Amino acid sequence: MMYFTIWHYTTVVIALILFALAIVLAFYTKRLLIQLSIIFIALIMISGGTFMAFKELEISTKKAELLNFHYNRILVSEQIAFSGVIRNSGDYPLAKVQLELIIKNTPAPGKGIFGGAPHAFNEAFKTEKQVQELVYHYTVATDLAPKTSKQFSLMVDYPPYFDNASYSTHLIAH
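Everything numeric here is computed off the predicted structure, so don't read it as measured data.

S.K.: Explanation requested: the confidence of the model for the protein chain in the structure shown.
M.R.: Close inspection of predicted coordinates is inappropriate for parts of the model with low pLDDT. With 86% of its residues at a pLDDT of at least 70, the protein chain reaches an overall mean of 86. By mean pLDDT, helix H3 (residues 120-124) is the weakest element of the protein chain at 52, and helix H1 (residues 6-26) is the strongest at 95.

So, in structure tokens, the structure goes:
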């Protein structure tokens, strides 16, 4: 679901006016095939332009901020607890805010059971072939009014073969 702003409605009205003008222009031609071609091409172009305008409006009118982002690793359950605050910094309501969480493994060179020396046990425990980057998507807020905030917390399983993890986030507001 997405909330329409005044800009979305303006875009729809402009698209309808342009389509109506294309239909009027099509009726000035004599041949039916040319009339249908003009209407079809106008429909495709106006639909594409409206779609691109909606994507740009979603980016420019729906703004959210991530504040007080913290994480703690819980060793007993091999999980990471993430918490923070989502704030709607725009002037329009947000239907949904998604948090994209990226966890990357950055192992230090020369690590292994025997320090990095070539050994059968080090070769058996190599993690290069395992997934080194995990991407999670979580919905952290819904129906967020303008200039309001909401707290969130989530638990993520920590891969046991990760040596040194780094975390990055990205917010997607709808």
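S.K.: Please explain the environment of Phe51 as it appears in this structure.
M.R.: Of note, Phe51 is situated in helix H2 (residues 32-61). On the basis of relative accessible area, Phe51 is assigned to the exposed category, the value being 54%. Each C-alpha atom, one on Phe51 and one on Thr11, is 9.7 Å from the other, the two residues being 40 residues apart in sequence.

S.K.: Teacher, can you tell me more about the packing of aromatic side chains here?
M.R.: We describe a pair of aromatic rings using the distance from one ring centre to the other and the angle between the two ring planes. Here the structure, examined in full by the defined rule, presents 8 aromatic pairs. Arranged with centres 5.4 Å apart and planes meeting at 80°, the rings of Phe4 and Phe54 form a pair that is edge-to-face. Of this pair, Phe4 sits in the segment before H1 while Phe54 sits in helix H2, and the two are 50 residues apart along the sequence. Ring centres of Tyr71 and Tyr167 lie 4.3 Å apart, and the angle between their planes is 55°; on these two criteria the pair is classed as tilted. Pair noted here: Tyr71 is in strand S1 (residues 64-74) and Tyr167 is in strand S6 (residues 165-173), with a separation of 96 residues, a long-range link. The class of Tyr71 is partly exposed, set by a relative accessible area of 42%. Site record: aromatic cluster; members linked through ring pairs are Phe69, Tyr71, Phe82 and Tyr167.

S.K.: Would you take a moment to explain a nonpolar patch on the surface for this structure?
M.R.: Nonpolar side chains collect at one region of the surface, where Val13, Ile14, Ile17, Leu18 and Leu21 lie side by side and expose about 460 Å² of accessible area between them. Accessibility expressed as a relative area gives 44% for Leu18, which makes it partly exposed.

S.K.: When you look at the side chain of Thr61 in this model, what are you seeing that I'm missing?
M.R.: Of note, Thr61 is situated in helix H2. Assessed through its relative accessible area of 7%, Thr61 is described here as buried. Within the structure, the side chain of Thr61 is placed 2.6 Å from the backbone oxygen of Leu57, a separation counted as a polar contact. Not counting residues up to four positions away in its chain, the partners in contact with Thr61 are Thr5, Trp7, His8 and Tyr92.

S.K.: Could you clarify how one ought to interpret the packing of H1 against H2 in this entry?
M.R.: For any two helices packed against each other, one specifies the inter-axial angle together with the distance between the axes. Axis separation between H1 and H2 bottoms out at 10 Å; the angle between their running directions is 170°. As summarised for this structure, H1 and H2 are arranged roughly antiparallel, according to the angle between their axes. Contact with H1, carried on its side by Trp7, His8, Thr11, Val12, Ala15, Leu18, Phe19, Ala22, Ile23 and Ala26, involves Gln35, Ile38, Ile39, Ala42, Leu43, Ile46, Thr50, Ala53, Phe54, Leu57, Glu58 and Thr61 of H2 and no other residues of that element.

S.K.: Would you mind showing me how to read the nonpolar core here?
M.R.: Side chains of a nonpolar character, in soluble globular proteins, are inclined to be buried together. Counting residues in hydrophobic clusters, the biggest one holds 20 residues, and the most contacted among them are Phe82, Ile86, Val97, Ile103 and Val140. Broken down by element, this core gets its largest block of residues, 5 residues, from strand S3 (residues 94-105).

Cut-offs used in this document
- Residues numbered from 1 in each chain as written.
- Predicted model: local features only at pLDDT ≥ 70, side-chain atom pairs only at ≥ 80, totals over all residues.
- Heavy atoms only, no water.
- pLDDT = per-residue confidence, 0-100.
- Helix = DSSP H or I, 4+ residues; strand = E, 2+ residues; numbered from the N terminus.
- Buried < 20%, exposed > 50% of the residue type's maximum accessible area, 1.4 Å probe, protein only.
- Phe/Tyr/Trp six-rings, centres within 6.5 Å; stacked < 30°, edge-to-face > 60°.
- Patch = residues over 30% accessible without salt bridge, like charges linked within 9 Å, V, L, I, M, F, W, Y side chains within 5 Å.
- Areas by Shrake-Rupley, 256 points an atom, 1.4 Å probe, with all protein chains shown as cover.
- Salt bridge = Lys/Arg side-chain N within 4 Å of Asp/Glu carboxyl O.
- Polar contact = N/O pair within 3.5 Å; in protein donor to acceptor, adjacent residues only side chain to side chain.
- Contact = heavy atoms within 4.5 Å.
- Axes fitted to C-alpha atoms, helices over the stretch in contact; angles between N-to-C directions.
- Parallel < 35°, antiparallel > 145°, perpendicular 65-115°, else oblique.
- Core = buried A, V, L, I, M, F, W, Y, C linked by side-chain atoms within 4.5 Å.

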